[in-house]
Amino acid sequence: GGGMTTTSRTLLITGTSSGIGRALTERLIKDGHRVIGFARNHEKFCPEESLYVPMTVDMIEPAEIRNGIERVLRDYPKIDGVISNAGAGTMGTLEQFSFAQIRDALDVNLLSHVYLARCVIPYFKREGRGDFIFIGSEASLSGSKKGTLYCAAKFGLRGFAQSLRQECSRNGVRVMAVYPGMVRTPFFDSLSFEPGPESDNALRPEDIAEVISTMLSLPKGSVIDEVELNPLKKVISPKR
């Protein structure tokens, strides 16, 4: 990279097939890091890079998370960063969801992050190093109509990240979180609304990758606990 002094790292990113996870993967490979990508399906995006290691993991299945992490720790013991990004947009009024759908929404948007941390954090603590970054949402910070399940999960994620940060700091492990507003990604494909059409109505996935690149490259004694990142103008367009 252009005068990069950071040493090459081994990073795990979840949800690498599209959106923020994909932009993160592209940016961090460009920064010279090895990226292990967890995704259900690597057909949409799987760069032919020696620095990219695709692993097929469904983040809604706890056993797959555990097996995936065991494999990573065995094959790539130098891993020193995780970006917990996988999630799904579950939007609708509460009564639209069955109990089973409620559980699925919380599984993918909250518990998958908790399981991932539970598998990795003990290893980082023993090694005395490691960065764990959660990708939350503006929904981690305020509730909204049709957001009951999504906001409940994302609020939970923020409390989890803040508490975990305090558990880890004495072990040399950094826990950080990013809370983006609307980002122009396929996230909205399945939803009834999307960001407005102007460039200042939505963040670009590359903007978030830029911020995370900075968070990772700070000296080890400094932690960016939380970043809120928003488009300049908040405009929501309902889809016809």
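What you see is a predicted model, and the numbers here were worked out from it, not measured in a lab.

Enquirer: For this particular structure, what's the right way to read the packing of helix 3 (residues 99-127) against helix 4 (residues 148-168)?
Expert: Helix packing geometry: the angle between the two helix axes and the distance between the axes. It is at 9 Å that the axes of helix 3 and helix 4 come closest, and there the two elements cross at 10°. Here helix 4 runs roughly parallel to helix 3, going by the angle between their axes. For the crossing formed where helix 3 meets helix 4, the hand is right-handed. Of the residues in helix 4, those touching helix 3 at I102, A105, L106, N109, L110, H113, V114, A117, I121 and K125 are L149, Y150, A153, K154, G156, L157, F160, L164, E167 and C168.

Enquirer: I tried to follow the nonpolar core on my own but got confused; where do I start?
Expert: Soluble, globular proteins show a tendency: their nonpolar side chains are buried together. Ranked by internal contacts, the top residues of the largest apolar core, which has 32 residues, are L12, F38, I69, V82, L116, F132 and F134. Of all the secondary structure elements, the ones that give two or more residues to this core are strand 2 (34-39), strand 3 (52-56), helix 2 (62-75), helix 3, strand 5 (131-135), helix 4 and strand 6 (174-180). No other element matches helix 3, which puts seven residues into this core. In this view, F132 contacts V82, S84, L116, A117, V120, I121, R174, V175 and M176; residues no more than four positions away in its chain are not counted. Counting 23 residues, the second largest nonpolar core, distinct from the first, contains I29, I135, V211 and M215.

Enquirer: Which parts of the structure should I look at to understand the packing of helix 2 against helix 3?
Expert: Look at helix 2 against helix 3: their axes get within 10 Å of each other, and the N-to-C directions meet at 30°. The pairing of helix 2 with helix 3 is recorded here as roughly parallel in orientation. Note on packing geometry: the crossing formed by helix 2 with helix 3 is right-handed. Residue-level contacts link P62, I65, R66, I69 and L73 of helix 2 to S112, Y115, L116, C119, V120 and Y123 of helix 3. Broken down by class, the residue content of the contact of helix 2 with helix 3 amounts to nine nonpolar, one polar and one charged.

Enquirer: What's the story with the sheet that holds strand 4 (residues 81-84) in this structure? I'm lost.
Expert: Note: strands within a sheet are paired through backbone hydrogen bonds, in either parallel or antiparallel orientation. Strand order across the open sheet formed by seven strands is 3-2-1-4-5-6-8, with parallel pairing between neighbours. In the strand order of this sheet, the two ends are held by strand 3 and strand 8 (226-229), each with one partner. Strand-to-strand twist of the sheet, defined as the mean angle between neighbouring strand axes without regard to direction, takes the value 15°. The sheet contact formed by strand 4 and strand 5 spans four bridges and is parallel. By the bridge assignment, I83 is partnered in strand 5 with I133. Relative to the sheet, helix 1 (residues 19-30) contacts strand 1 (10-14), strand 2, strand 3, strand 4 and strand 5, its axis offset from that of strand 1 by approximately 165°.

Rules used throughout
- Residues numbered from 1 in each chain as written.
- Predicted model: local features only at pLDDT ≥ 70, side-chain atom pairs only at ≥ 80, totals over all residues.
- Heavy atoms only, no water.
- Axes fitted to C-alpha atoms, helices over the stretch in contact; angles between N-to-C directions.
- Helix = DSSP H or I, 4+ residues; strand = E, 2+ residues; numbered from the N terminus.
- Parallel < 35°, antiparallel > 145°, perpendicular 65-115°, else oblique.
- Left-handed = near helix turned anticlockwise from the far one by under 90°.
- Contact = heavy atoms within 4.5 Å.
- Core = buried A, V, L, I, M, F, W, Y, C linked by side-chain atoms within 4.5 Å.
- Buried < 20%, exposed > 50% of the residue type's maximum accessible area, 1.4 Å probe, protein only.
- Nonpolar A, V, L, I, M, F, W, Y, C, P; charged D, E, K, R; others polar.
- Pairing = 2+ DSSP bridges.

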